[in-house]
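# Survey of secondary and tertiary structure
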Amino acid sequence: MGNAHLHSIHVHPVKAARGLAPREAVVEPWGLAGDRRWVLIDDGGKVVTQRRHPRLTHATAELLPGGGVRLSAPGMPTLSVPVPRHSTALPVEIFRDKVEAVPAEDEAAHAWCSSFLGAGARLVYLDDPATRRPLAAEYAQAGETVSFADAVPLLLTTTASLDALNSLIARGEYAAEGPLPMNRFRPSVVVTGTPAWAEDDWSRIALGDVVFRVAGPCGRCVVTTTDQGTGERGHEPLFSLGRHRRLDGKLIFGQNLVPLSGGTLRLGDPLRILA
């Protein structure tokens, strides 16, 4: 795989909202810098995702200097929200995890989120990712933490595996739904120049100078059936993954990564398989 390299980078400043595709990104122990440090929570303190609110596909979050975000959506005013400096942490429930995060200090941010969703919502920030949320036990080694990503700091996908999946979709019952774009899978990094499904056999890799542990395959959910442009849902890719990519009861696409070193990722960085 001498020509395998980093094809694209994806940062989602607000979990479940539209992301950015920078040419480079700093790798921190808990994920890409600026990735999923913000999240919306409902009135009960539970994290709001596209699983329940596919409307979030219409919200865009851009990073501001210092870690703040600029929110925009059709029919909504653009709003800049700085990192909170004096807010008191409150409990947040993200899947099975209990995490503390700090709410945005400007009430306009909470009003914006509630108006956009059509339901009570608050915008909160993970102020200390080094201590707030330990990595999920099934993936973790001692001391590892994660942002508001689902479970693991980064998700890797490959263009060859997407091509292979789209070929399966094209031969299936819901062929009209394909081919699917990569944004259905909301990856952190996308690699090109590998054989399809080669990532299944990796345990340690390097992208440029940054080394990662491959923590295991990513089980996919209903979000992958959600058109990231319209919010509409279909049957794919879960239908085809269920027939061809089922492992231990999970429907698999992509591999979870944990950084073993810091550094900066840049488009075109070579991929090296270390183990």
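Look a little higher up for the structure.
## Quick look at the pairing of strand β6 (residues 69-72)
Here four bridges tie strand β5 (residues 60-63) to β6, and the two strands are oriented antiparallel to one another. Bridging from a neighbouring strand, Thr60 pairs with Ser72 of β6. Adjacent in sequence and paired antiparallel, β5 and β6 are bridged by five residues, among which Gly66 carries a positive phi angle near 90°. As paired elements, β6 and strand β7 (residues 79-81) share three bridges and run antiparallel to each other. Following the sheet pairing, Leu71 is matched in β7 by Leu79. The hairpin turn running from β6 into β7, its antiparallel successor, is six residues long, and Gly75 in that turn takes a positive phi close to 80°.

## Here's the deal with the sheet that holds β5
Spatial ordering of the open sheet is given by β5-β6-β7, a layout of three strands whose pairing is antiparallel. On the outer flanks of this sheet lie β5 and β7, each paired with one strand and no other. Sheet twist, expressed as the mean angle between neighbouring strand axes with direction ignored, is 25°. Against the sheet, helix α1 (residues 107-117) touches β6 and β7, its axis set at about 130° to β7.

Calculation rules
- Residues numbered from 1 in each chain as written.
- Predicted model: local features only at pLDDT ≥ 70, side-chain atom pairs only at ≥ 80, totals over all residues.
- Heavy atoms only, no water.
- Pairing = 2+ DSSP bridges.
- Helix = DSSP H or I, 4+ residues; strand = E, 2+ residues; numbered from the N terminus.
- Axes fitted to C-alpha atoms, helices over the stretch in contact; angles between N-to-C directions.
- Contact = heavy atoms within 4.5 Å.

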